[in-house]
Amino acid sequence: SSSVTTYGDEAEVEKDIYNSTNETWVTSLSADYADGTLTDTTYVYRLSFIPHGSYTQVAARSVTDTLPDGLKFVGLVSASDVTSESNATLADQYLSNNLIASYDADSNTITVAQRDGTVLQSTNPSYVYLLVRVADPTSPDIIENTFGNASATIVSAADGEYPLTIAKKDAENSNTVI
């Protein structure tokens, strides 16, 4: 298969959340909310770092994901463990393309960065998976989480409801969610 993009020699980031019901990655998840409480309180986000064109043999710029209020970091998991908490770790995770993902508890952030003294080796995507827990499962608040200029949203939805989420971004700075 092949694909066409408008990207030149640069990298993009994406952020998705795992929909365990459909076993798919989505940017907006309607989370079941019954009797005033979320029915599931743990979720897995996938952060993607995707080089395009000839964006290799250079050191990538670091990208940080600041977890919003309402989410507690549980740990990093592998792609094969997105349905389980048992192998979550706080240790740094080495990714393809000489990238590393690390968690900073003081700032509640996950940073994807180039490992010291290395460069990107290919245009294959690199992924890291974050297991999080909703701090207050009784809160009906929308949880918007950003990674660079990408975002993923958890929206509480009672049975039979189909919430409409609209991402609003600053017209002058598309990296600012309003």
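Refer to the preceding data block for the structure.
As the structure is a computational prediction, the values presented were derived from the model and not from experiment.

### Some details on the side chain of T153
Mapped onto the elements, T153 comes out in strand β13 (residues 150–157). Setting aside anything within four residues of it in sequence, one finds T153 in contact with I17, T27, S28, L29, I142, I143 and E144.

### Some words on the sheet that holds strand β11 (residues 126–134)
Strand order in the open sheet formed by 5 strands is β2-β1-β5-β11-β7, and the pairing between neighbours is antiparallel. Of all strands in the sheet, those bounded by a partner on one side alone are β2 (24–26) and β7 (71–77). When strand polarity is set aside, the average angle formed by the axes of neighbouring strands in this sheet is 35 degrees. Relative to β11, β7 runs antiparallel, the two sharing 6 bridges. Within the sheet, the bridge partner assigned to L71 lies in β11 and is V134.

### What to know about the pattern of salt bridges
Considering all chains together, one arrives at 3 salt bridges under this definition. Here D16 and R46 are joined by a salt bridge, their closest N and O atoms 2.8 Å apart. Of this pair, D16 sits in strand β1 (residues 11–19) while R46 sits in strand β5 (residues 42–51), and the two are 30 residues apart along the sequence. Classification of R46 as buried rests on a relative accessible area of 17%.

### Section: the nonpolar core
Buried together is how nonpolar side chains tend to be arranged in soluble globular proteins. Core analysis: the biggest nonpolar cluster contains 31 residues, and Y43, Y45, V112, V128 and L130 have the highest contact counts within it. Each residue touching Y43, except ones within four places of it in the same chain, is listed here: I17, L29, A31, L38, L130, L131, V132, V134 and I154. Counting residues in each nonpolar core, the second largest holds 6 residues, with Y18, V44, V82 and L131 among its members.

### Points about the pairing of strand β6 (residues 63–66)
Because side chains alternate across β6, one face comprises the buried residues V63 and D65, and the other comprises T64 and T66, none of which is buried. Note that β6 and strand β10 (residues 109–114) share 4 bridges and pair antiparallel. Its bridge partner lying in β10, T64 is registered against T111.

Cut-offs applied
Residues numbered from 1 in each chain as written. Predicted model: local features only at pLDDT ≥ 70, side-chain atom pairs only at ≥ 80, totals over all residues. Heavy atoms only, no water. Helix = DSSP H or I, 4+ residues; strand = E, 2+ residues; numbered from the N terminus. Contact = heavy atoms within 4.5 Å. Pairing = 2+ DSSP bridges. Axes fitted to C-alpha atoms, helices over the stretch in contact; angles between N-to-C directions. Salt bridge = Lys/Arg side-chain N within 4 Å of Asp/Glu carboxyl O. Buried < 20%, exposed > 50% of the residue type's maximum accessible area, 1.4 Å probe, protein only. Core = buried A, V, L, I, M, F, W, Y, C linked by side-chain atoms within 4.5 Å.

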